[in-house]
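Secondary and tertiary structure notes
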Amino acid sequence: MSILKEYALYFSPCMLFVMMSVVSCKTTATSTAEKNIVRDIKEVNAGEITAGKKHIAIVGATIIDGNGGEPIANGIVLINGNTIEAAGSAGKIDIPNDAERIDAQGMYILPGFIDSHFHLDNMHGLPALFLQHGVTSVRDPGAWMEAYDGERASGKMIPRLFLAGPHLDAPNPAYPYDAYIVRDSLEAVNVVERQINQGASVIKVYFRLSPALIHNVCTAAHKHGIPVTAHLEITEAMEAIECGLDGVEHITSFGLSLQSKREGEKYRQMVWADNNARKQGRYDVWSRININSKMADSVAGYLVRKGTFVSPTLGAFEYQPEKNNVDSTKLIAFNNMKAFTGKLKKAGVKIVLGSHSNIEYAELGWAFQREMELQVQSGMSNMQVIIAATMENARYFRIDHKLGSIEKGKIADLVLLKENPLQDIKAAYHIARVMFNGNWVP
Ligand SMILES: [Zn+2]
């Protein structure tokens, strides 16, 4: 970098951008110091969410804190305004006289769920429905900010909206209406600056973006303390992460990393020629993958070393065979996707939970809970899934200082379940009440 900086004196800014984009990511990947820029990341609708004003004591529920702490039976959670004032076992916390007591005996209280992969896709009312189902924060990894105007103006209570703006892709984009086309490094930097100015709390790159441009995007976003995530399909994941990515969306993004270069190149060229080739192609790829290979081990180890967040979105790829009609390629492929997710978690990778919001095998509004079930099927413990759904996502969003767990001083986004999710993750469907910013969700 220092040589580059010296050269910069002799070149115009445009020349410098060109030079930077041809330098291999290995030597110029964003440094940890740059990633550590602290910024108060906010939801775009922060100013529109009413703060609770009451003093409330939720009494008797088992507290599952989202941090992986030992569950606290017969707990008390005190809420003052929109803040958690105290949380712990009944014997240790005094209930102030002015507090309204809510009897939650037999229930389970968790932090509000956080969804790192929510698409609106013009489904008016879906954010409000998710909130009623316990999802208090959503992140849309690729939609114009304006797409949410209708939801925000609806007057309904909706989750905290963490938006990316359109995802960044290159010609010809897979989703033209949700994409902003980036042609060179200057355009990449400009669009990142613009989207962050508009309130983007993450930047998402799509699969046609070259590694050099991913590097430009990451450097520009990290200067503002904003994380970058990616849907990879035709860029090898480790090569892309080396360019500075903080997270990877979709377990299928690791397809290229888990097969021979020769086979992988066939797949890349197929998708390069036709975006839609990925839809069947990814099942073909994943049906051949050996998740017990050295290749798979090294990907897992690499992700642990880099601290990369992975949002598998298994629900987006789920395949359920019908009685008389079994597509064995899809069945094997989907089982491999689940097994690889479990393998990553076992290795210590930061697995988070993203629902993809509208998926084949979940009733509308319940995709988040379906993803929880699929993560359990992949071999994660119920507790690990709850952490993925709350605190790990808060870290991924960089909002863990204020959300993601039941702790003194954090914002009162809470879910009350009627049954024990540690016993059966299906309990996440049985919502008793949801608290959002200190208010009960109607
Ligand atoms: Zn998506």
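Residues numbered from 1 in each chain as written. Predicted model: local features only at pLDDT ≥ 70, side-chain atom pairs only at ≥ 80, totals over all residues. Heavy atoms only, no water.

**Quick word on the overall build of the protein**
Using the following cut-off: We count a stretch as a helix when DSSP gives it H or I for four or more residues in a row; a strand needs E for two or more, and each element gets its number in order from the N terminus. Radius of gyration means the value over C-alpha atoms here, while the globule rule gives 2.2 Å times the residue count to the 0.38 power. Burial classes: relative accessible area under 20% of the type maximum marks a residue as buried, over 50% as exposed, and values in between as partly exposed (1.4 Å probe, protein chains only). Contacts were defined at the residue level, with two residues in contact if any of their heavy atoms lie within 4.5 Å. Using the Shrake-Rupley algorithm and a 1.4 Å probe, accessible areas are obtained, with residue cover drawn only from the displayed protein chains. Neither His nor the chain ends contribute to the count of charged residues, in which Lys and Arg are positive and Asp and Glu negative. Taken as the charge centre is NZ of Lys, CZ of Arg, CG of Asp or CD of Glu, depending on the residue.
Across its full length, the protein carries 16 helices and 19 strands. Taking 22 Å as the expected radius of gyration for a compact globule of 442 residues, we find that the protein reaches 22 Å, a close match to that expectation. Oriented by its inertia axes, the alpha-carbon framework of the protein measures out at about 70 × 60 × 40 Å. The buried share among the 442 residues of the protein stands at 57%. Look at the contacts in the protein between residues 6 or more apart in sequence, and 70% of them connect residues 24 or more apart. Total accessible area computed for the protein in this model is approximately 18,500 Å², and 51% of it derives from carbon and sulfur atoms. For the protein, the distance from the average site of its 45 positive side-chain charges to the average site of its 47 negative ones is 3 Å.

**Some thoughts on the coordination of the zinc ion**
Reference values for coordination geometry: four tetrahedral donors around a metal ideally subtend 109.5 degrees, six octahedral donors ideally subtend 90 or 180 degrees. The line we're drawing: Each metal's donors are the N, O and S atoms found within 2.8 Å of it, except that Na, K and Ca use a 3.2 Å limit; water is left out, so coordination can look incomplete.
Protein-derived ligands of the zinc ion are His117 (NE2) and His119 (NE2), with the metal-ligand distances lying across 2.0 Å. Pair check on accessibility: His117 and His119 agree, each one buried.

**Considerations on the sheet that holds strand β4 (residues 83-89)**
Just so we agree on the cut-off: Paired strands, as defined in this entry, are two strands with at least two bridges between them according to DSSP. Fitted lines through C-alpha atoms serve as axes, helices being fitted only where they are in contact, and the angles separating the N-to-C directions of these axes extend from 0 to 180 degrees.
With mixed pairing, the four strands of this open sheet are ordered in space as β4-β3-β1-β5. The open sheet terminates on both sides in strands that have one partner only, identified here as β4 and β5 (100-103). When strand polarity is set aside, the average angle formed by the axes of neighbouring strands in this sheet is 15°. Note that strand β1 (residues 55-59) and strand β3 (residues 75-80) share five bridges and pair antiparallel. Bridge pairing in β3 places Ala57 opposite Leu78.

**Here we look at the sheet that holds strand β6 (residues 108-111)**
Pairing is mixed in the open sheet, where five strands are placed in the order β2-β6-β17-β18-β19. Strand pairing shows two members of the sheet lacking a second neighbour, β2 (62-63) and β19 (439-440), which therefore form its edges. Where β2 lies against β6, two bridges are found, and the strand directions are parallel. In the strand pairing of β6, Thr62 is matched with Tyr108.

**As for the packing of aromatic side chains**
For clarity, the threshold we go by: Two rings belonging to Phe, Tyr or Trp (six-membered ring only in the last case) form a pair when the distance between their centres is within 6.5 Å. Interplanar angles under 30 degrees mark stacking, angles over 60 mark edge-to-face geometry, and anything in between is tilted. To sit over a ring, a charge needs its Lys NZ or Arg CZ within 6 Å of the ring centre and within 35 degrees of the ring normal.
Going through the model one piece at a time under the given rule, you end up with 10 aromatic pairs. For the ring pair Phe162 and Phe397, a centre distance of 5.3 Å and an interplane angle of 70° mean the geometry is edge-to-face. With Phe162 in strand β9 (residues 160-163) and Phe397 in helix α16 (residues 391-397), the pair connects residues that are 235 residues apart, well separated along the chain. When the ring of Phe309 is compared with that of Tyr396, the centres are 4.8 Å apart and the planes differ by 20°; the resulting orientation is stacked. A residue pair is termed long-range when its members are at least 10 positions apart, and Phe309 in strand β15 (residues 309-311) and Tyr396 in helix α16 qualify at 87 residues. Residue Phe309 is classed as buried on the basis of its relative accessible area of 10%. Grouped by ring-pair contacts, the aromatic residues Phe162, Phe309, Tyr396 and Phe397 constitute a single cluster. Its end group placed over the ring of Tyr396, Arg139 keeps NZ or CZ at 4.2 Å from the ring centre.

**Remarks on the environment of Leu209**
By the secondary structure assignment, Leu209 is in the loop between β12 (203-205) and α8 (211-222). Residues Leu209 and Asp184, 25 residues apart in the sequence, show an inter-C-alpha distance of 9.8 Å. With residues up to four places along the chain from it excluded, the contact list for Leu209 reads Leu168, Asp169, Ala170, Val182, Ile214, Val217 and Thr235.

**Some remarks on the pattern of salt bridges**
Selection rule: For salt bridges, the criterion is a side-chain nitrogen of Lys or Arg within 4 Å of an Asp or Glu carboxyl oxygen.
One pass over the full model with this rule turns up 19 salt bridges. Here Arg152 and Glu48 are joined by a salt bridge, their closest N and O atoms 2.6 Å apart. A residue pair is termed long-range when its members are at least 10 positions apart, and Arg152 in helix α6 (residues 149-153) and Glu48 in the loop between α4 (32-35) and β1 qualify at 104 residues. On the accessibility criterion, Glu48 (42% relative accessible area) is partly exposed. Residues Arg288 and Glu263 are paired through a salt bridge, measuring 3.7 Å at the closest nitrogen-oxygen approach. Of this pair, Arg288 sits in helix α11 (residues 277-288) while Glu263 sits in helix α10 (residues 261-273), and the two are 25 residues apart along the sequence. Note on Arg288: relative accessible area 48%, which makes it partly exposed. Sharing partners across several salt bridges, the network here consists of Glu318, Arg370, Glu373 and Lys426.

**Describing helix α7 (residues 185-197)**
Threshold: By this rule the span expected of a helix is its residue count minus one, scaled by 1.5 Å. Polar contacts here mean pairs of N or O atoms no more than 3.5 Å apart (in protein, one a potential hydrogen donor and the other a potential acceptor; neighbouring residues in sequence count only if both atoms are side-chain atoms).
Between its first and last C-alpha atoms α7 spans 18 Å; for 13 residues at 1.5 Å apiece the expected length is 18 Å, and the two agree. Residues Ser185, Glu187, Ala188, Val189, Val191, Val192, Gln195 and Ile196 constitute the buried set of α7. One side-chain oxygen of the residue at the start of α7 lies 3.3 Å from the amide nitrogen of Leu186, identifying that residue as Asp184. Of the residues one or two after α7, Gly199 is the one with positive phi, at around 110°.

**Looking at the packing of α11 against helix α13 (residues 328-347)**
Axis angle and axis distance: for two packed helices, these are the angle between their axes and the distance between the axes, and together they describe the pair. As a reminder, the rule being used: Angle categories are assigned with fixed cut-offs, so that under 35 degrees is roughly parallel, over 145 is roughly antiparallel, 65 to 115 is roughly perpendicular, and the rest are oblique. Handedness of a crossing is defined here by the sense of rotation of the near helix relative to the far one, left-handed for an anticlockwise turn of less than a right angle and right-handed for a clockwise turn. Under the scheme applied here, ten amino acids are nonpolar (Ala, Val, Leu, Ile, Met, Phe, Trp, Tyr, Cys and Pro), four are charged (Asp, Glu, Lys and Arg), and all others, including Gly, are polar.
Interaxial distance between α11 and α13 falls to 8 Å at its minimum, and their mutual angle equals 70°. Between α11 and α13, the crossing angle belongs to the class labelled roughly perpendicular. As α11 packs across α13, the resulting crossing turns out to be left-handed. Contact residues: α11 offers Gln280, Tyr283, Asp284, Trp286 and Ser287, while α13 offers Thr329, Lys330, Ile332, Ala333, Asn336, Met337 and Phe340. For the contact of α11 with α13, the per-class residue count stands at six nonpolar, four polar and two charged.

Treat this as a map of the structure, not an account of what it does.
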